[in-house]
Amino acid sequence: MKKLTASFLVITTLLSAAASQAQTPAPASFMLCMACHGMDGKGMGAGTPTPMAPALAGSKLAAFGDGEVMASIVFTGIEKQDAKFVGIMAPLGPAMTDAQMAEVLTYVRSSFGNSAPAVTADQIKGWREKYNGKPMQKRADLEARLK
Ligand code: HEC
């Protein structure tokens, strides 16, 4: 019985430690990003020679402006031009409604130390018309937009 109580204590301590680290709980739509970008937004395999994907924590592309650059990335994906990452940023717009995408963009832009303004479903609706189905963007072109 003593042992049982002790392990309960350990579990509750671990759980509350995990809970206090997370800022806002991740929305279900973030599960789509997590596999590559990691639950903590640091990128799966961060610190290894070839991580799965770059960090969303501190990402200029994610935090820039009103979110149009980030939305365009999720709609078109990024053309794979090198072997820096194991994963590939595929177009994910069709997998989400406007509201879900607004939610996940807002979550990423305000988590992991990021503090960029929220994105609305109305904004996503407009950007979907502009970017969905367009060719994958080149990383250099995206970075040129950060000005
Ligand atoms: C299958 C893996 C995978 C999934 C799933 C994925 N990404 Fe990516 N993502 C990548 C890779 C790889 C890159 C880097 C592409 C490159 O530069 O070649 C990237 C790049 C990005 C970038 C640019 C970051 C930077 O600063 O370089 C953003 C923003 C982004 N992804 C957002 C998302 C969001 C939001 C989701 C979920 C809706 C998502 N990604 C899902 C693999 C993934």
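Scroll up for the structure.
First, a word on what this report is: a plain description of the structure on this page.

**Here we look at the overall build of the protein chain**
And step 1. Helix and strand content of the protein chain: 7 helices and 0 strands.
And step 2. Helices and strands appear in the protein chain in the N-to-C order α-α-α-α-α-α-α.
And step 3. Within the protein chain, the fraction of its 147 residues that count as buried is 25%.
And step 4. Taking contacts inside the protein chain between residues at least 6 apart in sequence as the whole, the part at least 24 apart equals 63%.

**Remarks on the site of the ligand**
And step 1. Taken together, 24 residues are adjacent to the ligand, and Cys33, Cys36, Ser59, Gly87 and Met89 come closest.
And step 2. The set of elements that each furnish at least two residues to the shell around the ligand consists of α2 (31-37), α3 (60-63), α4 (68-76) and α5 (98-109).
And step 3. When residues of the shell around the ligand are assigned to their parent elements, the largest contribution, 5 residues, is made by α2.
And step 4. Considered class by class, the residues forming the shell around the ligand number 19 nonpolar, 3 polar and 2 charged.

**Here's the deal with unusual backbone geometry**
And step 1. You will see that Phe112, though not glycine, has its phi angle at about 55 degrees, which is positive.
And step 2. Topologically, Phe112 is positioned in the loop between α5 and α6 (121-131).
And step 3. Judged by the 20 C-beta atoms lying within 10 Å of it, Phe112 falls in the buried class.

**So, the packing of α5 against α6**
And step 1. Look at α5 against α6: their axes get within 8 Å of each other, and the N-to-C directions meet at 110 degrees. Classed by the angle they form, the pair α5 and α6 counts as roughly perpendicular. Seen from α5, the contacting residues are Asp98, Ala99, Met101 and Ala102; seen from α6, they are Ala121, Ile124, Lys125 and Arg128.
And step 2. In terms of residue class, the contact of α5 with α6 is built from 5 nonpolar, no polar and 3 charged.

**Examining the packing of α4 against α6**
And step 1. Running from N to C, α4 and α6 point in directions that differ by 50 degrees, and their axes come no closer than 10 Å. In terms of orientation, α4 lies oblique with respect to α6. The two elements α4 and α6 cross, and the hand of that crossing is right-handed. Each of Glu68, Ala71, Ser72, Phe75 and Thr76 in α4 lies in contact with α6, whose residues at this interface are Ile124, Trp127, Arg128 and Tyr131.

**Description of α4**
And step 1. Across the 9 residues of α4, 7 count as buried, placing the element largely inside the fold.
And step 2. Every buried residue of α4 is listed here: Met70, Ala71, Ser72, Ile73, Val74, Phe75 and Thr76.
And step 3. Turning to α4, the residues buried within the fold contact α3, α5, α6 and α7 (139-144).

**Considerations on the nonpolar core**
And step 1. In this structure, Ala71 and Leu105 are the most contacted members of the largest nonpolar core, which totals 23 residues.
And step 2. Listing elements by their share of this core, those giving two or more residues are α2, α3, α4, α5 and α6.
And step 3. When residues in this core are grouped by element, the largest group, 6 residues, is from α5.

Criteria and thresholds
Residues numbered from 1 in each chain as written. Predicted model: local features only at pLDDT ≥ 70, side-chain atom pairs only at ≥ 80, totals over all residues. Helix = DSSP H or I, 4+ residues; strand = E, 2+ residues; numbered from the N terminus. Buried ≥ 20, exposed ≤ 12 C-beta atoms within 10 Å, placed from the backbone. Contact = placed C-beta atoms within 7 Å. Near = placed C-beta within 6 Å. Nonpolar A, V, L, I, M, F, W, Y, C, P; charged D, E, K, R; others polar. Axes fitted to C-alpha atoms, helices over the stretch in contact; angles between N-to-C directions. Parallel < 35°, antiparallel > 145°, perpendicular 65-115°, else oblique. Left-handed = near helix turned anticlockwise from the far one by under 90°. Core = buried A, V, L, I, M, F, W, Y, C linked by C-beta atoms within 7 Å.

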